[in-house]
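Overview (structure and organization)
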Amino acid sequence: MNLKDEFLGTWTLLKKELLRFWRVVFQTVAAPVITAVLYLLIFSHVLANHVKVYDNVNYTAFLIPGLIMMSLLQNAFANSSSSLIQSKVMGNIVFILLTPITYLQFFLAFLIASIVRGVFVGTCIYLFALLFVDLPMLHPWIIFGFAIIGGALLGTFGIIAGIWAHRFDQMAAFQNFVIMPLSFLSGVFYSIHSLPPFWQKLSQLNPFFYMIDGFRYGFFGQSDVAPLLSLSIVTAFFIVLASITLGMLKSGYKLRG
Amino acid sequence: MKKAIVFNKVKKNFGKLEALKGIDLTIDEGEFFALLGPNGAGKSTLINILAGLMKPTSGSVKVMGHDVIVDYQNARRSLGVVPQELVFDPFFNVREMLRFQAGYFGKGRENDDWIDEVIEGLDLQDKANTNMRMLSGGMKRRALIAQALVHKPPVIVLDEPTAGVDVELRKKLWQFIKKLNQKGHTIVLTTHYLEEAETLCSRVAMMDQGKVVALDKTRNLLKRFSAKNLNLRLDLKGKKIPASIQRLMQTTDQNFVTFLLKDITAVELIISELKKSKIAILDMELKNSDLENVFLKLTGSKK
């Protein structure tokens, strides 16, 4: 295969993955956007005067970057994991496995599709949120950087889950026992400085916390941890997970008997 | 003649089970080849290894000279596989699926004419823009065959392509596949319909319990195991078939008895012995040997 063929192969798989989520846009985009907007309306109303966040930042504004990032991460994970588990259960994964697509092309296509869906959902939430509050954007490149690396990390995690799981209930367990707790306990709804010391330490073990904290810095110029440290930790997590994923794909783990 | 597929001492173990026990098999370019065998013989395992869906425990496989592991990209470009199961992607229509499949092989819009030709050849014109989910079983089968052909592979493998397909569609499919074979494509077919293998394939390999138990030209196999079946409906009325002809009996089911004849003169013996025993013959049929007989003899099992 020459480079042109390989590029076309990767692009085709990416296009298929993008169209797959676009065909069910109400489920894959509209539903998470509505959920996030509901969170925003309810939590900002209930907690606005009870939770102390940064100086000069009102609670509703504080909440929005966290909600955007949480939805971005969850949807990046959902994109690659649901596509793979569906293809495996329905058997149509064979259409990809029979082709000259390399493990690296496979990884790139699923990864980019996950990032695109995550960022698209995040952008929609941001646009909706502008209806409710005036949101500053002090460091757009930091926002962009954390959005991409966060989407990449969870997209990769979704590939691992999709390859590992062979039943829908196993995938649901991944979503409910790993993704949901990590995203809810990551400082979306509060600053970890408002937590008791033990819970602060525990939160620092959660990679989701660094993604949300760094992303929020891009908006307000304030964070619980230095953004460079957050970016380094998230990048390190991504490198580890990407290496595991590439190893799984190269060996054909659970894909080629 | 160039070799289209070479299996070299291919073994595959699943735990303690030896699914393939060292398969050596060569298929020449341009052949219409049948791989037959009962369920569990190892046919699908062999095809999965050929297609890169499984890795052999030992041994090697080459497609058009390309090793399926070391040089897997070129091996897969040379191969079109129609899977046995009716798998499909519910998000897309037939034409979209075909374009995606061609794209994975590095073929873009320039391939659209060939996609149209495949769609037409398989009578899928009316369904080209229909979602895969909405197709009948037969149409899904056609779409699967089309998907295997979109990158114009020189070698085409069809794993039980006509299972559950009605007679008319089966005929159309074979016409199309025969045309491809005439254009030089190598065709490898696994089937349970032995008569299909008999009429279509020039060479046959029979597998049983992970081994190739027979490999020859179809006509040679039929000649080698040539025999005739004499099917009789008898009026037994509690009488027994005479001992002198019982050795020729192949199957019996109440009044229906099948005798296997290596020599046509045995018909005379059977009739005279039945007459002596006062057993009336109600109906009679003489059939030539077919691949099914060969298959049963070699594997000792029912198809």
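These figures come from a predicted structure and were not determined experimentally.

1. Observations regarding the overall build of chain B
Per the secondary structure count, chain B includes 11 helices and 14 strands. Summarising its shape, the C-alpha atoms of chain B cover approximately 75 × 45 × 35 Å along the three principal directions. Within chain B, buried positions represent 41% of all 303 residues. Taking all contacts inside chain B whose residues are at least 6 apart in sequence as the whole, residues at least 24 apart take part in 70%.

2. A few points about the overall build of chain A
Across its full length, chain A carries 10 helices and zero strands. What you see in chain A, going N to C, is helices and strands ordered as α-α-α-α-α-α-α-α-α-α. Computed over its C-alpha atoms, the radius of gyration of chain A comes to 19 Å, within 12% of the 18 Å expected for a compact globule of 257 residues. Along the longest, intermediate and shortest principal axes, the C-alpha atoms of chain A span 60 × 35 × 35 Å. Counting only residues that meet the buried cut, chain A has 47% of its 257 residues in that class.

3. Here we look at the sheet that holds strand β4 (residues 58-63) of chain B
All names here are of chain B. The sheet built from four strands is open, its strands ordered β2-β1-β4-β5 with antiparallel pairing. Strand pairing shows two members of the sheet lacking a second neighbour, β2 (17-28) and β5 (66-67), which therefore form its edges. The sheet contact formed by strand β1 (residues 3-14) and β2 spans nine bridges and is antiparallel. Following the sheet pairing, Lys11 is matched in β2 by Lys21.

4. Some points on the domain arrangement of chain B
Buried accessible area, meaning the area lost when the parts come together, often serves as the stated size of an interface. Residues and elements named next belong to chain B. Partitioning chain B into structural domains gives domain 1 (3-223) and domain 2 (227-299). Each partner contributes residues to the interface: domain 1 has 14 residues there, and domain 2 has eight residues. Looking at the side of domain 1 that touches domain 2, the element that brings in the most residues is helix α7 (residues 194-200), giving four residues.

5. Brief notes about helix α3 (residues 94-104) of chain B
Burial within α3(B) is extensive, with nine of its 11 residues counted as buried. Each element contacted by the buried residues of α3(B) is listed here: α1 (3-23) and α4 (94-97) of chain A together with α4 (112-121) and α5 (137-149) of chain B.

6. Notes on the interface of chain B and chain A
Counting residues at the interface gives 24 residues for chain B and 25 residues for chain A. Counting residues per element, the ones that place at least two in the side of chain B that touches chain A are α1 (43-51), α2 (72-77) and α3 of chain B. Looking at side-chain class alone, the side of chain B that touches chain A contains 11 nonpolar, eight polar and five charged residues.

7. Examining unusual backbone geometry
A positive phi angle is found at Lys254(A), which is not glycine, with a value near 60 degrees. Even without being a glycine, Gln209(B) presents a positive backbone phi close to 50 degrees. Inspection of the secondary structure puts Gln209(B) in the loop between β9 (203-208) and β10 (211-217). Take Gln209(B): there are 16 C-beta atoms within 10 Å of it, and that puts it in the partly exposed class.

8. Considering the pairing of β10(B)
All names here are of chain B. Sheet analysis places β9 next to β10, joined by six bridges and oriented antiparallel. Within β10, the residue paired with Val204 across the bridge is Asp216. With antiparallel pairing between neighbouring strands as the criterion, β9 and β10 make up a hairpin whose turn holds two residues, including Gln209 at a positive phi of roughly 50 degrees.

Quick notes on the rules
Residues numbered from 1 in each chain as written. Chains lettered and ligands numbered in written order. Predicted model: local features only at pLDDT ≥ 70, side-chain atom pairs only at ≥ 80, totals over all residues. Helix = DSSP H or I, 4+ residues; strand = E, 2+ residues; numbered from the N terminus. Buried ≥ 20, exposed ≤ 12 C-beta atoms within 10 Å, placed from the backbone. Contact = placed C-beta atoms within 7 Å. Rg over C-alpha atoms; globule rule 2.2 N^0.38 Å. Pairing = 2+ DSSP bridges. Domains from an automatic or database assignment. Nonpolar A, V, L, I, M, F, W, Y, C, P; charged D, E, K, R; others polar.

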